[in-house]
Amino acid sequence: MRDDVTDGVAIRRRAATWRWVASVVVAAGLLTGLVVLVLQLGDGESARRVAGVVVLSLLVVVAVAVTWFESRRIARHLNRTIDRLIDTESELRLLLDDLPEAVLSVDGRGTVRGANAKAAELTGRAVTELVGRPFGELVDPARRAEVKTWLDTARTGRLSPPTSFPLPRVGGSSTMVEALADRPRKDGEIVVRLRDITEREERLRALEQARRRFQQAFHSAPTGMALVRLDDSTIVDANRSLAEMLARPEDELVGRSIREITHPDDLRAAAAHRARLELGIADTYLLDQRYLRRDGEFVWARTRVAVTEDDGVAMAITHIEDVTEQRRAAERLQWAATHDDLTGLPNRTELLSRVDELLGRAAVGDVALLFIDLDNFKAVNDSLGHGIGDVLLTAMSVRLRSTVGEHAELARFGGDEFIVVIDGLLGDLESGEPPIDPTAVAEGLREAMRHAVDVEGTELYVTASIGWSINDREGVAAADLLRDADAAMYRAKARGRDCVEAFAPGTHETTVLALRTATELRRGIERGEIVPYFQPIVELTTGHVVGFEALARWLHPERGLLAPDQFLPMAEETGLIGEIGASVLRDALAQFAGWRARDLPFAEAHLSVNVGTRQVVDPSFAELVADVLGQTGIPADSLWLELTETALLADVKASTVALRNLRSLGLHLAVDDFGTGYSSLTYLKRFPVEAIKIDRGFVAGLGLDTEDTTIVEAVVNLGHSFGMAVIAEGLETPLQLSRLRAMGCDRGQGYLFGRPRPASIVEAERRRRVAGSTSPASSP
């Protein structure tokens, strides 16, 4: 900028010089004309000569005038240019002074040629003191050689990374700065920018100090601690207390998955907590878990997990406190509260609790309760004393325990009464377990108790009256079974004791019905009684039907239309689920092929079919799907297979291989009932699924339950972050639809859009909707 101003001044001087030369030329012209005039006045041709002189003088005057005006124009232009340059230089100086960085211009010899106000502030020197000073003098002597090398490298034009060094200030203090170099000019001059990084360095030192303190506290903590990655559960660090607790070296724990040393049951229990952490719904949780010691024993530990982040990686700070002794003490107290002191058997309270729990998951007709009462036991107590009576009760409990099978559970109800609970009356065709006859079990127990018992050298003979009942209907509670079995036992006593009596109303019919259903189901498959019903899947943004889910129904010739919950659980137990799945897949694809052959507009929608746990890992399932697609001519891209979380995690390795084989056919995969299983979100990225379906249990609470709404929104965001489509199940109200649209949910299905219907009704309904141009979302 200064060079430009200097050049302008030089041009102005040259213009003045030219004006002076023009004036001299004019004067010379006039003088010459006068001389010629004087010399020529004496000749005869004076008039002609005078005219020539006059013409010459006029030319000279014209030249002088032109020169003077041109010089004036140039001078004005130069003055304006110089003024603009001076203004620009001032503005640039102000901009440089306003920069938050120190800026210095250093020439090829390393001398500072210019600096801004920030440079003066950093160094404690005035700008005039900086200009003309070697740049190296501004650097700490111990670092001058290093900085000179850096500056020379930058001056060559090669990439020179930023460097940092202490910058001494006037007065003895120094400032830590980071230096950056711009590209050099042709004359070797380079602009150096200095940033004050003192605060940053202090923060880094404070952070490092905090990390050292954390590490010190971490490794010296009296309780076990581990730092675990959330994405793959790898232990990044473990302290000595944890290593001693698990009898393992620290280096054996680091790099290992914490899942490998956690009890499988506790992994499932913690899955929901981990999901809430990964979804961001919670940032900590507390629960008791068992961890595997090196000797194969499990230790109970109270586990506190808090989420943190390290270099962008989500970490779980896990506090593991050994509570094995506390648990054992609590278990002893719990055992004493739930067991009989004399026989060690579960007591009445524990029995009722266990039976209620069992009935909650058991099929109708699968559980029996036997009520056993010792005959004439009061006479033993009255004649021989309570001590002998206790010995007799203990001997009877041992005999009963050795007689009941693995499917039965024994408890002491009180006094001389015992209870036997049998689970698995229906048997298991897949494993070859035959059905169990409660009467046969009761007769075996009665016969075993008829043998003599030797009590202190005295043989005592005791008989028993036994009554039994079964869960012959839905909603039966433990108290109901107990009441019915007790009534049957009293009828046995009324018959003369030492006999077995079944509770009469409906017992035989229910048992026969349960066993008959399994047989009829196989026949129903062979006869084509299992048919697909179709429920529409709607694009929420447009309201258009984009797919149908095929749902199995049983057209029973005697009992009418049976819903899935009335036969699919039995199909799972008997191993028929694979045949049902194959039947529904064939029939549904065949129906779609028929619709497409008639060019029905809704036939271009995709088809979704549910797949069971056993089907997923069946090596022949992928071949079956390929064959059915080939037979029906339906493109694989039109087929979605829906699998539950439980099915996926039954065998992760086998499921991954099977899903990849299925995906290679060109079809699509979705996770059904998402949020109800025990999966880690980490596995979601591992499986080749393209969509997740939110379970209807969460959708039902939309807009009404804050937690359900939060979970649904989190699942929608999670699915989209993984690049997956999100479908909501169980849509029944406009409020749910509105909330899902606002969350950006992609598709939905439920009674709001249509119930599952047979193909003929679906076809008729869709024809009417197309003919009336009515949106299914607006007129479900």
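Please refer to the structure higher up on the page.
Conventions used here
- Residues numbered from 1 in each chain as written.
- Predicted model: local features only at pLDDT ≥ 70, side-chain atom pairs only at ≥ 80, totals over all residues.
- Heavy atoms only, no water.
- Axes fitted to C-alpha atoms, helices over the stretch in contact; angles between N-to-C directions.
- Helix = DSSP H or I, 4+ residues; strand = E, 2+ residues; numbered from the N terminus.
- Parallel < 35°, antiparallel > 145°, perpendicular 65-115°, else oblique.
- Left-handed = near helix turned anticlockwise from the far one by under 90°.
- Contact = heavy atoms within 4.5 Å.
- Nonpolar A, V, L, I, M, F, W, Y, C, P; charged D, E, K, R; others polar.
- Buried < 20%, exposed > 50% of the residue type's maximum accessible area, 1.4 Å probe, protein only.
- Pairing = 2+ DSSP bridges.
- Salt bridge = Lys/Arg side-chain N within 4 Å of Asp/Glu carboxyl O.
- Expected span 1.5 Å × (residues − 1).
- Arc of directions from axis to C-beta.
- Core = buried A, V, L, I, M, F, W, Y, C linked by side-chain atoms within 4.5 Å.
- Phe/Tyr/Trp six-rings, centres within 6.5 Å; stacked < 30°, edge-to-face > 60°.
- Lys NZ or Arg CZ within 6 Å of the ring centre and 35° of its normal.

A.B. asks: Explain the packing of helix H18 (residues 577-597) against helix H20 (residues 621-632) to me, please; I cannot follow it from the model alone.
C.D. replies: Angle between the axes and distance between the axes are the two parameters that describe a pair of packed helices. At a closest axis distance of 9 Å, the pairing of H18 and H20 adopts a crossing angle of 25°. Classed by the angle they form, the pair H18 and H20 counts as roughly parallel. As for how H18 packs across H20, the hand of that crossing is right-handed. Here Ala582, Leu585, Arg586, Leu589, Ala590 and Ala593 of H18 come into contact with H20, specifically with Leu624, Val625, Val628, Leu629 and Thr632. Looking at the contact of H18 with H20 residue by residue, the classes come out as nine nonpolar, one polar and one charged.

A.B. asks: Help me understand the environment of Val305, please; the structure alone is not making it clear to me.
C.D. replies: For Val305, the location among the structural elements is in strand E9 (residues 298-310). Note on Val305: relative accessible area 5%, which makes it buried. Put simply, Val305 and Val228 are 77 residues apart on the chain and 9.6 Å apart in space, counted from C-alpha to C-alpha. Once residues within four sequence positions are removed from consideration, Val305 is found in contact with Leu277, Asp283, Thr284, Tyr285, Ala316, Ile317 and Thr318.

A.B. asks: Is there a simple way to think about the pairing of strand E3 (residues 163-168) in this case?
C.D. replies: Pairing of E3 with strand E4 (residues 174-181) involves six bridges; the strand directions are antiparallel. When the bridges of E4 are listed, Ser164 appears paired with Glu178. In sequence, E3 turns back onto E4 through a hairpin of five residues, with Gly171 there showing a positive phi of about 110°.

A.B. asks: Explain the pattern of salt bridges here, please?
C.D. replies: Pairs can form between side chains of opposite charge once their charged atoms are near each other. Tallied over the entire structure, the rule returns 45 salt bridges. A salt bridge links Asp231 to Arg229, with the shortest nitrogen-to-oxygen separation between them at 2.7 Å. When its relative accessible area of 25% is taken as the criterion, Arg229 is described as partly exposed. Residue Arg256 pairs with Glu252 through a salt bridge whose shortest N-O separation is 3.4 Å. Judged by relative accessible area, which is 23%, Arg256 ranks as partly exposed. Here the salt bridges do not stand alone but share partners, grouping Glu101, Glu178, Asp182, Arg193, Arg195 and Arg200 into one network.

A.B. asks: Would you mind going over the sheet that holds E3 with me for this structure?
C.D. replies: Sheets are built from strands that pair by backbone hydrogen bonding, the pairs being arranged parallel or antiparallel. If you walk across this open sheet you meet the five strands as E2-E1-E5-E4-E3, and the pairing is antiparallel. Each of the sheet's edge strands pairs with one partner strand only, and the pair in question is strand E2 (112-115) and E3. Ignoring which end each strand starts from, the neighbouring axes of this sheet average 35° apart. One ladder, built from three bridges, connects strand E1 (residues 102-106) with E2; its direction is antiparallel. The partner of Leu104 across the bridge, within E2, is Ala115. Across the sheet, helix H5 (residues 144-155) touches E1, E3, E4 and strand E5 (190-196), and the angle it forms with E5 is around 130°.

A.B. asks: Got a minute to help me understand H20 in this structure?
C.D. replies: For an α-helix, the turn length of 3.6 residues means that residues three or four places apart are oriented alike. Over its 12 residues, H20 runs 17 Å from end to end, which matches the ideal 16 Å to within 8%, given 1.5 Å per residue. When H20 is considered as a whole, its buried residues turn out to be Phe621, Ala622, Leu624, Val625, Val628, Leu629 and Thr632. Taken down its axis, H20 places every buried residue within 160° of arc, on the same side. Across H20 from its buried face, at more than 90 degrees, point the exposed residues Glu623, Gly630 and Gln631.

A.B. asks: It is not clear to me how the nonpolar core should be interpreted in this structure. Could you clarify?
C.D. replies: Within soluble globular proteins, side chains that are nonpolar generally end up buried alongside one another. Within the largest apolar cluster, 77 residues are counted, with the highest numbers of intra-cluster contacts made by Phe534 and Leu639. In terms of residue count, the dominant contributor to this core is H18 (10 residues). Discounting residues that sit within four places of it in the chain, Leu639 has contacts with Leu585, Leu589, Leu607, Val609, Val625, Leu629, Leu667 and His668. If you look at the next biggest cluster of nonpolar residues, it comprises 30 residues, including Leu345, Ile372, Met449 and Ile466.

A.B. asks: Would you explain the side chain of Gln749 in this entry?
C.D. replies: You can see Gln749 is positioned in the loop between strand E26 (747-748) and helix H27 (759-772). Owing to a relative accessible area of 2%, Gln749 belongs among the buried residues under this scheme. Leave out the neighbours within four places in its chain, and Gln749 touches Gln535, Pro536, Ile537, Glu549, Lys693, Ile727, Ala728, Glu729, Gly730 and Leu731.

A.B. asks: How should I be thinking about the packing of aromatic side chains in this particular structure?
C.D. replies: Two measures describe an aromatic ring pair: the distance that separates the ring centres and the angle between the ring planes. Under the counting rule described, the total for this entry stands at nine aromatic pairs. Here Phe534 and Phe592 contribute two aromatic rings whose centre-to-centre distance is 6.3 Å and whose plane-to-plane angle is 35°, an arrangement assigned as tilted. Of this pair, Phe534 sits in strand E18 (residues 530-539) while Phe592 is found in helix H18, placing the two residues 58 residues apart along the sequence. Take Phe534 and Phe592: they sit in the same class, and that class is buried. Ring geometry for Trp595 and Phe602: centres 5.0 Å apart, planes at 70°, overall edge-to-face. Assigned by exposure class, Trp595 and Phe602 land together as buried. Aromatic rings pair up to connect Phe534, Phe548, Phe592, Trp595 and Phe602 into one cluster. Across the ring face of Tyr751, the terminal group of Arg755 is positioned such that the distance to the ring centre comes to 4.0 Å.

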